[in-house]
Amino acid sequence: ILKSQFVLPPFLMWSRCRFRAVNQVLLSEFNTWSKLEAMKKVQQHLPKIYVTRKIPADGMKILNQSGLHCSCKSWMGHPPIYRESLLKGIRNLIYCLLSDKINKYINKSIGPNLKIVSTMSVGYDHVSLEELKKRGIRLGYTPDVLTDAVAELTIALLLTTSRRLIEAVDEAKNGGWGTWKPLWMCGYQLSQSTVGILGLGRIEGVAVAERLKPFGIKKFIYSDIAPLPEIAAKIQAEYVPLDVLARESDFLTVCCALTPETQSICNKHLFSKMKPTSVFINTSRGGVVNQDDLYQALVSGQIAAAGLDVTVPEPLPTDHPLFKLKNCVILPHIASATLSTRNAMAALAANNLLAGLKGEPMPKELRL
Ligand SMILES: O=C(O)C(=O)CO
């Protein structure tokens, strides 16, 4: 009894305290749990943005600071997002890149939830417009902001190819540079030349021509689905059929978008019409060129040289025959790759997405 008198009261006190403490913990846990559940429910109904790659800072900043109620997930891996992750990740809004195929398979697995696609690119050949239209999905893209960067690189690629700069640097490094020789490393000159532009509808064509003009070009000619007199007037370019473009151009630069009409439009028929001194440049999409035909045209001397910033596939396998040719310069799709342009593209794509989320007109929306 003595023992229990001494032992019991503190035990009772302790157990009462313990009960209260446990009760409080349980209560607060219950509160936290119900808050979490409530948050989960709210989250479930929030619009969900899925960003398919680490994007330039300006774009992410706009998404993070939008103040809009939405949940935003990103694929942070360096290689492009895996198809399975893309299918799992996306729900209502996708911020994607030109390397992500948004086609019927994606749309099927997402069902009716997908509302907005915003691509950080001017090209949208990786997106199935038909599928988007069928499902009432809106599409934002990024024209204009990359025009200067693409035009600058087109000029750089054209000069590198026509003046054989890669070959010349290799020769200088590797002991091929002997005494000065009158006909060694001769290339093709821009002054007094005819420049042909395939696709003047996109403003890259005009931007390229404006930059080439100071080189003393004799004549600009262009081909497109139809004459574009207003645009052509800016650079005094003459509209010609495709065959004439091929026949007369000393430099033929491809600026058109990849569409079913332009798929493989640069093929053996076109190359066979070109001069053996002509230089072919493509900074638009690899799909506009039949690469086997281009290879044959280059090895047979049907055309002088080619400069490509785009290929099929991308990346082009390192053992591809085109890499073996000295008269073919291949860049890894870097036409828009300047920091300011990539940030501008990222910001525009973010603003397109947020405008779509608010149900407002996008700054740059493709009418489907
Ligand atoms: O934006 C595009 O479509 C590009 O190809 C970027 O270089």
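Residues numbered from 1 in each chain as written. Predicted model: local features only at pLDDT ≥ 70, side-chain atom pairs only at ≥ 80, totals over all residues. Heavy atoms only, no water.

For the protein, an unreviewed UniProt entry supplies the name Glyoxylate reductase/hydroxypyruvate reductase and the organism Latimeria chalumnae. Regarding the protein, the relevant UniProt record gives this comment under Sequence similarities (unreviewed entry): "Belongs to the D-isomer specific 2-hydroxyacid dehydrogenase family." (UniProt positions renumbered as here; feature names shortened; annotations may be inferred.)

Asker: How should I be thinking about the packing of helix 6 (residues 147–162) against helix 8 (residues 204–212) in this particular structure?
Answerer: The relative placement of two packed helices comes down to the angle between their axes together with the axis-to-axis distance. Packing of helix 6 against helix 8 leaves a shortest axis separation of 9 Å and a crossing angle of 55°. Overall, the two elements helix 6 and helix 8 adopt an arrangement that is oblique. Where helix 6 crosses over helix 8, the two elements pack in a sense that is right-handed. Residues Thr 147, Asp 148, Val 150, Ala 151, Glu 152, Thr 154, Ile 155 and Leu 158 of helix 6 form the contact with helix 8, whose own contacting residues are Glu 204, Ala 207, Val 208, Arg 211 and Leu 212. Counted by class, the contact of helix 6 with helix 8 contains 7 nonpolar, 2 polar and 4 charged residues. (Axes fitted to C-alpha atoms, helices over the stretch in contact; angles between N-to-C directions. Helix = DSSP H or I, 4+ residues; strand = E, 2+ residues; numbered from the N terminus. Parallel < 35°, antiparallel > 145°, perpendicular 65-115°, else oblique. Left-handed = near helix turned anticlockwise from the far one by under 90°. Contact = heavy atoms within 4.5 Å. Nonpolar A, V, L, I, M, F, W, Y, C, P; charged D, E, K, R; others polar.)

Asker: Even after reading the chapter, I still don't get the packing of helix 2 (residues 57–64) against helix 13 (residues 339–357), so can you show me in this structure?
Answerer: Direction vectors running N to C along helix 2 and helix 13 enclose 25°, while the axes themselves pass 6 Å from each other. Judged on the interaxial angle alone, helix 13 and helix 2 are roughly parallel. Crossing hand, helix 2 versus helix 13: right-handed. Contact residues: helix 2 offers Ala 57, Asp 58, Gly 59, Ile 62 and Leu 63, while helix 13 offers Asn 343, Ala 346, Ala 347, Ala 350, Asn 351, Leu 353 and Leu 354.

Asker: Help me understand the site of the ligand, please; the structure alone is not making it clear to me.
Answerer: Around the ligand, the surrounding shell consists of Leu 98, Ser 121, Val 122, Gly 123, Leu 146, Arg 285, His 333, Ser 336 and Met 345. Contact between the ligand and Val 122: an oxygen atom at 2.8 Å from a main-chain N or O atom of the residue. Within the side chain of His 333, an N or O atom sits 2.8 Å from an oxygen atom of the ligand. Coverage of the ligand by the protein chains reaches 93% of its 230 Å² of free accessible surface. Its residues placed into classes, the shell around the ligand shows 4 nonpolar, 4 polar and 1 charged. (Near = heavy atom within 4 Å. Polar contact = N/O pair within 3.5 Å; in protein donor to acceptor, adjacent residues only side chain to side chain. Areas by Shrake-Rupley, 256 points an atom, 1.4 Å probe, with all protein chains shown as cover.)

Asker: Whenever I open this one, the sheet that holds strand 7 (residues 219–223) confuses me. Can you help?
Answerer: Pairing between the strands of a sheet comes from backbone hydrogen bonds, and it takes one of two forms, parallel or antiparallel. In spatial order, the strands read 8-7-6-9-10-11-12; together these 7 strands make up an open sheet with parallel pairing. Taken across any chain shown, the strands that pair with only one partner, and hence form the sheet edges, are strand 8 (237–239) and strand 12 (328–330). Across the sheet, the mean angle separating the axes of adjacent strands is 20° when strand polarity is ignored. Here 4 bridges tie strand 10 (residues 279–282) to strand 11 (residues 305–308), and the two strands are oriented parallel to one another. Its bridge partner being in strand 11, Val 279 is matched across the sheet by Ala 305. (Pairing = 2+ DSSP bridges.)

Asker: What am I meant to see in the environment of Phe 220 here?
Answerer: Inspection of the secondary structure puts Phe 220 in strand 7. Between the alpha carbons of Phe 220 and Arg 135 there is a distance of 42 Å; along the sequence they are 85 residues apart. With residues up to four places along the chain from it excluded, the contact list for Phe 220 reads Val 195, Ile 197, Ala 209, Leu 212, Lys 213, Ile 235, Gln 236, Ala 237 and Glu 238.

Asker: I would appreciate a short explanation of the pattern of salt bridges in the present structure.
Answerer: Oppositely charged side chains can pair when the atoms bearing their charge come close. In total, this model carries 12 salt bridges according to the counting rule given. Of the charged contacts in the structure, one is a salt bridge between Asp 250 and Lys 275, with a shortest N-O distance of 2.8 Å. With a gap of 25 residues between them, Asp 250 in the loop between helix 10 (242–248) and strand 9 (251–254) and Lys 275 in the loop between helix 11 (268–273) and strand 10 connect regions that are remote in the sequence. Because the salt bridges share partners, they merge into one network encompassing Glu 131, Lys 134 and Arg 135. (Salt bridge = Lys/Arg side-chain N within 4 Å of Asp/Glu carboxyl O.)

Asker: What is the right way to look at helix 13 in this model?
Answerer: Every α-helical turn comprises 3.6 residues, leaving residues that sit three or four positions apart pointing alike. Under the 1.5 Å per step criterion, the end-to-end length of helix 13 is 27 Å for 19 residues, consistent within 8% with the ideal 27 Å. Phi turns positive one or two residues past the end of helix 13, at Gly 359, with a value near 75°. (Expected span 1.5 Å × (residues − 1).)

Asker: In this structure, what is going on with the nonpolar core? I would like to understand it.
Answerer: Note that soluble globular proteins tend to have their nonpolar side chains buried in a common cluster. In this structure, Phe 271, Phe 280 and Leu 294 are the most contacted members of the largest nonpolar core, which totals 28 residues. For this core, the elements supplying multiple residues, two or more each, are helix 10, strand 9, helix 11, helix 12 (291–299), strand 11 and strand 12. With 24 residues, the next largest nonpolar core counts Ile 155, Leu 200, Ala 209 and Ala 237 among its residues. (Core = buried A, V, L, I, M, F, W, Y, C linked by side-chain atoms within 4.5 Å. Buried < 20%, exposed > 50% of the residue type's maximum accessible area, 1.4 Å probe, protein only.)

Asker: Would you mind going over the sheet that holds strand 4 (residues 116–119) with me for this structure?
Answerer: Across the sheet, which stays open at both edges, the 6 strands sit in the order 2-1-3-4-5-13 with mixed pairing between neighbours. With one partner strand each, in any of the chains shown, strand 2 (71–74) and strand 13 (365–366) form the two edges of the open sheet. Where strand 4 lies against strand 5 (residues 138–140), 3 bridges are found, and the strand directions are parallel. Within strand 5, the position partnered with Val 117 by the bridge is Leu 139. In the packing of helix 13 onto the sheet, the strands contacted are strand 1 (48–51), strand 3 (93–96), strand 4 and strand 5, and the crossing angle to strand 3 comes to about 170°.

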